[in-house]
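# A closer look at the structure
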Amino acid sequence: MSDFLELIVSAAASGCVYGLVALAYLLITRPTGIINFGVGEWATVAAFGAYVALSRVELPYALSIALVAALMLAVGWLTERLTVRPLVVRGAPPLAPVLALLGMLVVVRELVSLGFGPDPQPVPPAFGFGRLELGPLAGSYQSFFIIAVAAVVFASAWYFFERTLAGKSFEAVALDRRAAALMGINLSRVTALSFAAGAVVAGLAGLLVAPNVSAHYLMGMPLAIQGFTALVIGGASRVEGALLGGLILAVAEQFTVRYAPVPPGLAMGVPLVLLIVFLLVRPAGLLRPREARA
Amino acid sequence: MKTALPRACCRAVLALAAATLAAAPAWAQPIRIGVITDKVGPAKPYAEPVTAGAVFAAKELNAQGGILGRPVELLIEDDQARPDISATAARKLVDAGVTFILSMSLTPSTQQVQTVTLETRTPQLTPSNSGDTLTTQIDNPYFWQTGPLGSTQIATLLAYAANKNFKRVALVGENSDLGQLTNRSFKAGLEKTGVQIVAEEMVPRGSTTADPQMQKVRAAKPEAIFLTGVTTPENVLILRSYRQLGLKMPVLGNFNLSVPQTAVVAKGLLDGVVFVDAFDPAKPQARRFIEAYKKENGVEPYNLNGYGYDGVMLVADAIKRAGGTDKEKVRAAMQATRGYVGVLGAAGSSYGFAEGKRTGFDPNGMVVRVYEGDKQGKVVFSGAQ
Amino acid sequence: MKTVLSYLAAAVALSAIAFLLGAYQTDVYRKLLLWIALAISYNFLFGISGQIAFSHFSFYGIGAYTIVILITQAGLPLPLAVLATVAVCVALALVVAIPATRLEGFYLALATLAFAQLFIVVLNEGGSITGGTGGLASYRLPEILGVRVAGPWYTVVIVVLMLATLAIVGRLDRSWFGRACRAVRDNPEAAAAMGVNVRRTKIIAYTITSALAGVAGMVYAFVDNTVNPHIFGLENAFLLLFMVIVGGSGRMAGAILGAVLLYVMPFVLSPLIGHHHALVFGIFMVLAVLFQPRGLIGLWDRWQRRRRQPPAPRPQIAKGEAVKREGLA
């Protein structure tokens, strides 16, 4: 039983990481319709940023997070400016920015690998890995930290989209670009902001997961795929969907490994099969998009 | 008088010609050795330092006059860890006239190159790959492997642990090609000695935690855990879960735990972990290598550099004994290698290819060390007896 | 408009090259032809039929593994093995197509991505049938009637494969089926309203193109005489996508251009730039998409147009014509 409870914490932490990556996708996809597979590489950049700030320069943790967040804001904004805006302005086919971003994925990964070398680097955790027991649940400090940070981020995102005017304008752009523009919403600013915000969220995911897996130049791709899977499961229409999708994916992965009587090699196939079945049975995700209010 | 002058002239001319020929190294045909490495893919963390060791060896050889008076030229190709590109790169090297090909990239790449080296009868050596199947899957008399085999690693670990009498153990690894191969070698070695494997877990690459796998291990209550993973991020996950879940049984790891970067990333997780290594820094050859490498490159070398160095030196030795670059003679000379003491290997061990075998790493050539804190401790056991 | 004659001429020309090349160049040439064949069939699936699938390269692998297994383990003679492999590829493609074509856009992408990963897992766990992580090796193309096709003659086989793929896909492209595929891609409801069976069209397109990929894989198996899971991994699936996009999706010439460019580029870059070549490759792709979002084939089109236009048009007409030409490329 204690295994089960400990696994819940571990799966929740992993699920939050996946959810954050899914949120990064969502923040960009909703207003612009562009799917940026490069969110994984953004996570990698942030992980290395954290490595430099925390392991090399040894700044205090809060300051490091702030610096990395600022870095990711710049990276996101720059990515949009360089690879997306020229295409949108020129009326390119909708797939074009996705592909340009895929190219950027390769560029970023190579830059990281050339700049830092192929070896994985350590990123210290916020409060160490000591064991924390909260009632019946137990896990490492880092796991609870991840859950806490993700909760804050998702709560803020939800509040932003549900209760603030700026957030509503994002929704408006998502629903109908032309109408939104006609209502006076600055489309290019929304796009730039969505990329910047997506980069920060993806960066957070990288920074939170790196103490566990280390910062290495190949960490982006698996995160990108897992985040995308989470997005599909939860539904790409609501912020809560991203988190829900991430949690479901992590629980499915980890509980299958722990409890299903499947040999280890094949156990890897189980989440894949689940995903395929899920896609066939309910492709729109679990959470339906909100109906337009009068 | 009349005949003496022309004869003296003849002798002078002959002497001059002889002197010119003796000075030929400056204009001699270089000996080309091909190197296939990975510069951009997942094998890079291993391929890069191995190649650096090879480059250093070539430099050292040339500083001492080359092989048979001819300079050594390394032709380095990048296969991007893609086996089909590896095969193409091998053909390019063969066309460029290399005498030997060194494979430093992934195990499947090395294997794919074998189809080329078999077809073109070009000698090929992998100094670092440790997969046991490389010499068995294709019957290629032109291919040798001097990396520390998975079977050698487990034999060494088992010999070290013989007095502990493990009866029930767990195997934990990840799903890379080499990881799975190592897992299979370890499993075979354990089953041969009648040890029961109560848990066999695999952490997929890209996982964010190894908790579910380690929980299963904990539930199976093994007496020891054999670590067969070769990628550092997954090994860190495994070791972290091990600590988190309060596991206490001994951990015995494969030689990938000997790579120094592991200690940098897995800080605080390695104390007491047992691992096999091919590097005994106290060995005189190793000491000399460390000093010379440090002087040339400014950084201290580690075991991976040693593989590349030994690889080039073994090839050079074979070419010397063959007396030239004729591929058939080099092949015979390479197969005849016996008792070659390189940088790597326990004190008293040597490289050699026993009759008909093409794996050259001494079965007693590995050492066992234990992590003390984050530092790699001294050698505590040597060989596989 | 290619006639039988021009196909024959192309076959002869491309085959003649095979006899002039050294071993390394032959290897590059063969793989280039195979990538071109793959790009052409993928272009039909992705560009013309509008299905974003990452399973194409997996079918390449299915074809390769199947023929090797049939020859080495089932001991079938070559002609029978070839037929059986084609049948297996078509059957598997159909089995995957039926559920897959229910999905749209990025859902299809994700499902086929999962399928591609699943394929690798199955290969790794296939024990002695698939050779596990090491794959299968130590086999050769069996003899037919005492003759073993090897060397430049095998390259001719690959040339024929590539041209056959080109012919089949080209024919489909220009036929009513191609138009139906395009209609389904652009507006499924309108297509259905016009009487096109959307579902069946997509299934047929997926099955045919995947089967073509499988046949190419069958031929590939004897190029390196090795098959292992690593060759058929995800990176190649992405590379195929890039080839088609960068070249110009929806146009066969674009697919060919993209395949040639992206396959040859690392070979050219590597000696020049050493280990930064992947970075240059990435930058090139970004720039290519930025400046020619509809594919580099657009540059070729522009050059063709410029060649055909009269040298110095009069000012007023020039402005009008320039505006018309500057329109959506």
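Residues numbered from 1 in each chain as written. Chains lettered and ligands numbered in written order. Predicted model: local features only at pLDDT ≥ 70, side-chain atom pairs only at ≥ 80, totals over all residues.

## Comments concerning the overall build of chain C
Along chain C, the regular secondary structure elements total 15 helices and zero strands. Against the globule reference of 20 Å for 329 residues, chain C gives a C-alpha radius of gyration of 21 Å, in line with a compact fold. Dimensions along the principal axes, computed over C-alpha positions, put chain C at roughly 75 × 50 × 45 Å. Each of the 329 residues in chain C was classed as buried or not, and the buried ones make up 48%. Counting contacts in chain C only where the partners sit at least 6 residues apart, residues at least 24 apart contribute 74% of the total. (Helix = DSSP H or I, 4+ residues; strand = E, 2+ residues; numbered from the N terminus. Rg over C-alpha atoms; globule rule 2.2 N^0.38 Å. Buried ≥ 20, exposed ≤ 12 C-beta atoms within 10 Å, placed from the backbone. Contact = placed C-beta atoms within 7 Å.)

## Comments concerning the confidence of the model for chain C
Residue and element names in this part refer to chain C. Residues with a pLDDT of 70 or more make up 93% of chain C, whose mean pLDDT is 84. For chain C, the element scoring lowest by mean pLDDT is helix α15 (residues 315-326), at 47; helix α3 (residues 56-72) scores highest, at 93. With pTM at 0.86, the complex prediction returns an ipTM value of 0.89. (pLDDT = per-residue confidence, 0-100.)

## What to know about the nonpolar core
Of all hydrophobic cores here, the largest spans 308 residues; its most connected members are Leu20, Val21, Ala47, Val201 and Ala205 of chain A together with Ala39 and Ala216 of chain C. In terms of residue count, helix α1 (residues 2-32) of chain A provides more of this core than any other element does, 17 residues in total. Among the domains, domain 1 (29-148 + 282-353) and domain 2 (151-277 + 368-382) of chain B are the pair contributing at least three residues each to this core. With residues up to four places along the chain from it excluded, the contact list for Val201 of chain A reads Leu20, Leu23, Ala24, Leu27 and Val153 of chain A. Ranked by size, the runner-up nonpolar core spans five residues in total, among them Phe170, Ala174, Ala180 and Val190 of chain A. (Core = buried A, V, L, I, M, F, W, Y, C linked by C-beta atoms within 7 Å. Domains from an automatic or database assignment.)

## A short note on the interface of chain A and chain C
Contacts between the two partners involve 30 residues from chain A, matched on the other side by 27 residues from chain C. For the side of chain A that touches chain C, the secondary-structure elements that each account for two or more residues are α3 (61-89), α4 (95-116), α9 (220-234), α11 (264-267) and α12 (269-281) of chain A. If you tally residues by element for the side of chain A that touches chain C, the top one is α4 of chain A, at 10 residues. Taken together, the residues of the side of chain A that touches chain C break down into 24 nonpolar, five polar and one charged. (Nonpolar A, V, L, I, M, F, W, Y, C, P; charged D, E, K, R; others polar.)

## Re the sheet that holds strand β4 (residues 124-126) of chain B
All names here are of chain B. If you walk across this open sheet you meet the five strands as β2-β1-β3-β4-β5, and the pairing is parallel. The strands lining the two open edges of the sheet, one partner per strand, are β2 (72-78) and β5 (143-145). The sheet shows a mean angle of 20 degrees between the axes of neighbouring strands, direction not considered. Relative to β5, β4 is paired through three bridges, and the arrangement is parallel. In the strand pairing of β5, Gln124 is matched with Phe143. (Pairing = 2+ DSSP bridges. Axes fitted to C-alpha atoms, helices over the stretch in contact; angles between N-to-C directions.)

## Digging into helix α8 (residues 232-244) of chain B
Residues and elements named next belong to chain B. With 13 residues, α8 ought to run about 18 Å at 1.5 Å a step, and its terminal C-alpha atoms sit 18 Å apart, in line with that. The element α8 is extensively covered by neighbouring structure, given that 12 of its 13 residues are classed as buried. Taken together, the buried positions of α8 are occupied by Thr232, Pro233, Glu234, Asn235, Val236, Leu237, Ile238, Leu239, Arg240, Ser241, Tyr242 and Gln244. Within two residues after α8, Gly246 carries a phi angle of roughly 75 degrees, on the positive side. (Expected span 1.5 Å × (residues − 1).)

## Description of the packing of helix α2 (residues 23-48) of chain C against helix α7 (residues 152-174) of chain C
Residue and element names in this part refer to chain C. Where α2 meets α7, the closest approach of the two axes is 9 Å, and the angle between their N-to-C directions is 15 degrees. Accordingly, the angle class assigned to the pair α2 and α7 is roughly parallel. As for how α2 packs across α7, the hand of that crossing is left-handed. Where α2 approaches α7, its residues Thr26, Tyr29, Arg30, Leu33, Leu34, Ile36, Ala37, Ile40, Ser41, Phe44 and Ile48 are matched on the opposing element by Thr155, Ile158, Val159, Leu161, Met162, Thr165, Leu166, Val169, Leu172 and Asp173. Tallied by class, the residues present in the contact of α2 with α7 amount to 15 nonpolar, four polar and two charged. (Parallel < 35°, antiparallel > 145°, perpendicular 65-115°, else oblique. Left-handed = near helix turned anticlockwise from the far one by under 90°.)

## What about the domain arrangement of chain B?
Residue and element names in this part refer to chain B. According to the domain assignment, chain B contains domain 1 (29-148 + 282-353) and domain 2 (151-277 + 368-382). The gap between the C-alpha centroids of domain 1 and domain 2 is 28 Å. Taken together, the contacts link 13 residues of domain 1 with 14 residues of domain 2. For the side of domain 1 that touches domain 2, the secondary structure elements donating two or more residues are α4 (107-120) and α11 (303-322).

## What about the interface of chain B and chain A?
Note on interface size: it is often stated as the accessible area lost on association of the parts. The interface is formed by 29 residues belonging to chain B together with 26 residues belonging to chain A. Going through the elements one at a time, α2 (44-63), β7 (196-203), α7 (211-220), α8 and α9 (260-265) of chain B are the ones with two or more residues in the side of chain B that touches chain A.

## Quick word on the pairing of β7 of chain B
Residue and element names in this part refer to chain B. Bridge count between strand β6 (residues 168-174) and β7: seven bridges; the pairing is parallel. Note that in β7 the partner of Leu171 across the bridge is Glu200. In terms of handedness, the path from β6 via helix α6 (residues 177-192) over to β7 forms a crossover that is right-handed. (Right-handed = clockwise from strand over helix to strand, strands pointing away.)

## Some details on the packing of α3 of chain C against helix α4 (residues 78-100) of chain C
All names here are of chain C. In the contact formed by α3 and α4, the axes pass within 9 Å of each other and the chain directions differ by 145 degrees. The element α3 and its partner α4 pack so that their crossing is right-handed. The segment α3 lies against α4, with Phe59, Ile62, Gly63, Thr66, Ile67, Leu70 and Ile71 engaging Ala81, Val82, Ala84, Thr85, Val88, Cys89, Leu92 and Ala93. Of the residues assigned to the contact of α3 with α4, the class counts are 12 nonpolar, three polar and no charged.

## A closer look at α11 of chain B
Quick reminder: α-helices carry 3.6 residues per turn. Residues three or four places apart thus point the same way. Its 20 residues place the ends of α11 of chain B 29 Å apart at the C-alpha level, agreeing with the 28 Å of an ideal helix rising 1.5 Å per residue. Most of α11 of chain B is tucked away: 17 of the 20 residues are buried.

## As for the environment of Val169 of chain C
All names here are of chain C. With respect to the helices, strands and loops of the structure, Val169 is situated in helix α7. The class for Val169 is buried, based on 24 C-beta atoms found within 10 Å. When the C-alpha positions of Val169 and Asn43 are compared, they lie 9.2 Å apart, and in sequence the two are 126 residues distant.

## Looking at the sheet that holds strand β10 (residues 274-277) of chain B
All names here are of chain B. A sheet is described by the order of its strands in space; here seven strands give the open sequence β7-β6-β8-β9-β10-β11-β12, paired in mixed fashion. Edge strands, defined here as strands with exactly one partner in the open sheet, are β7 and β12 (375-382). Averaged over all pairs of adjacent strands, the angle between strand axes in this sheet comes to 25 degrees, irrespective of strand direction. Across three bridges, the pairing between strand β8 (residues 224-227) and strand β9 (residues 251-253) is parallel. The partner of Leu227 across the bridge, within β9, is Gly253. Here α8 sits on the sheet and contacts β6, β7, β8 and β9; the angle it forms with β7, its principal contact strand, is near 125 degrees.

## A look at the pairing of β12 of chain B
All names here are of chain B. Pairing of strand β11 (residues 367-372) with β12 involves five bridges; the strand directions are antiparallel. Following the sheet pairing, Tyr371 is matched in β12 by Gln376. As consecutive antiparallel partners, β11 and β12 are separated by two residues, and within that stretch Gly373 has a phi angle of approximately 70 degrees, a positive value.

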